[in-house]
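Residue strings, one per chain:
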Amino acid sequence: AQKITQTQPGMFVQEKEAVTLDCTYDTSDQSYGLFWYKQPSSGEMIFLIYQGSYDEQNATEGRYSLNFQKARKSANLVISASQLGDSAMYFCAMRRDTGRRALTFGSGTRLQVQP
Amino acid sequence: DGGITQSPKYLFRKEGQNVTLSCEQNLNHDAMYWYRQDPGQGLRLIYYSQIVNDFQKGDIAEGYSVSREKKESFPLTVTSAQKNPTAFYLCASTLHGFNEKLFFGSGTQLSVL
């Protein structure tokens with residue numbers, strides 16, 4: 001069974017600074033995908049970034065980058081130049097490439113950006 | 001615009017009552033999912049469907065039922081057997097292939113009267 005662990009229930013960051021949200025995962029699969037989603041207080045889930053297990057380069061999407069360390073089974077999200085609108089819950093998730101392809105989510109990290 | 005529509009936004013259930021949450025997508029996606037989210041927690045998979053007329057139990061299927069008679073629709077029924085139904089319910093869909101990121105609806109908050 002897969003498991004996603006996010007050890008930071010809450011994080012604070014100053015506006016314009018960078019922040020790293022931690023995510024570790026446990027799987028015996030060789031092929032899988034890793035995702036990060038943002039959930040504002042409105043409740044919607046917003047896709048941020050994706051990393052395939054065979055991708056050699058770390059994924060980047062604008063101010064978001066994924067620090068993928070396969071041997072350590074970690075997939076940390078880095079947000080550069082934080083903005084007040086980044087305040088939200090952030091979830092790490094994993095999908096197997098065989099069998100059940102549904103996403104398994106971590107418990108989330110609440111990020112608060114301070115002015 | 002293409003997307004996923006969940007209704008209602010808020011739903012109240014009386015003891016012993018079954019209620020149905022609606023999820024419709026016009027993205028032509030193959031797979032659809034139902035997740036439950038309790039306050040301050042992550043999402044847990046209730047049911048999923050990879051194709052029409054087929055669905056599979058997720059991690060917390062007890063007390064729930066689904067159907068997938070049309071590609072665009074995946075309703076979730078919360079039965080009276082679900083003793084703790086108060087939660088935020090999210091429907092999602094995806095297209096098989098690269099990445100397969102989930103697209104989510106805006107959710108339904110279910111509360112017990």
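Whatever comes next refers back to the structure up there.
Computed from a predicted model, the values in this text were never measured in an experiment. (Residues numbered from 1 in each chain as written. Chains lettered and ligands numbered in written order. Predicted model: local features only at pLDDT ≥ 70, side-chain atom pairs only at ≥ 80, totals over all residues. Heavy atoms only, no water.)

*Asks:* So what about the pattern of salt bridges? Which residues, and what values?
*Replies:* Going through the model one piece at a time under the given rule, you end up with eight salt bridges over all chains. A salt bridge links Lys73 of chain A to Asp26 of chain A, with the nearest nitrogen and oxygen atoms 4.0 Å apart. You can see Lys73 of chain A sitting in the loop between β8 (64-69) and β9 (74-79) and its partner Asp26 of chain A sitting in strand β4 (residues 24-26), a full 47 residues away along the chain. Lys73 of chain A sits in the partly exposed class, given a relative accessible area of 28%. Under the relative-accessibility criterion, Asp26 of chain A is labelled partly exposed at 43%. With its nearest N and O atoms 3.6 Å apart, the salt bridge here joins Lys71 of chain B to Asp30 of chain B. Here the residue Lys71 of chain B occupies a position in the loop between β7 (64-66) and β8 (76-78), and Asp30 of chain B occupies one in the loop between β3 (19-25) and β4 (31-37), the gap between them amounting to 41 residues. Ionic contacts of the salt-bridge type, sharing partners, join the residues Arg36, Asp38 and Arg44 of chain B into one network. (Salt bridge = Lys/Arg side-chain N within 4 Å of Asp/Glu carboxyl O. Helix = DSSP H or I, 4+ residues; strand = E, 2+ residues; numbered from the N terminus. Buried < 20%, exposed > 50% of the residue type's maximum accessible area, 1.4 Å probe, protein only.)

*Asks:* Could you give an account of the interface of chain A and chain B, with specific residues and numbers?
*Replies:* Residue-level contacts link 16 residues of chain A with 20 residues of chain B. Summed over both partners, the interface of chain A with chain B comes to about 1600 Å²; 55% of that surface belongs to carbon and sulfur atoms. At the boundary of chain A and chain B, one finds one salt bridge. Here Arg101 of chain A makes a salt bridge to Glu100 of chain B, at a shortest N to O gap of 2.5 Å. (Contact = heavy atoms within 4.5 Å. Buried area = accessible area lost by both parts, 1.4 Å probe.)

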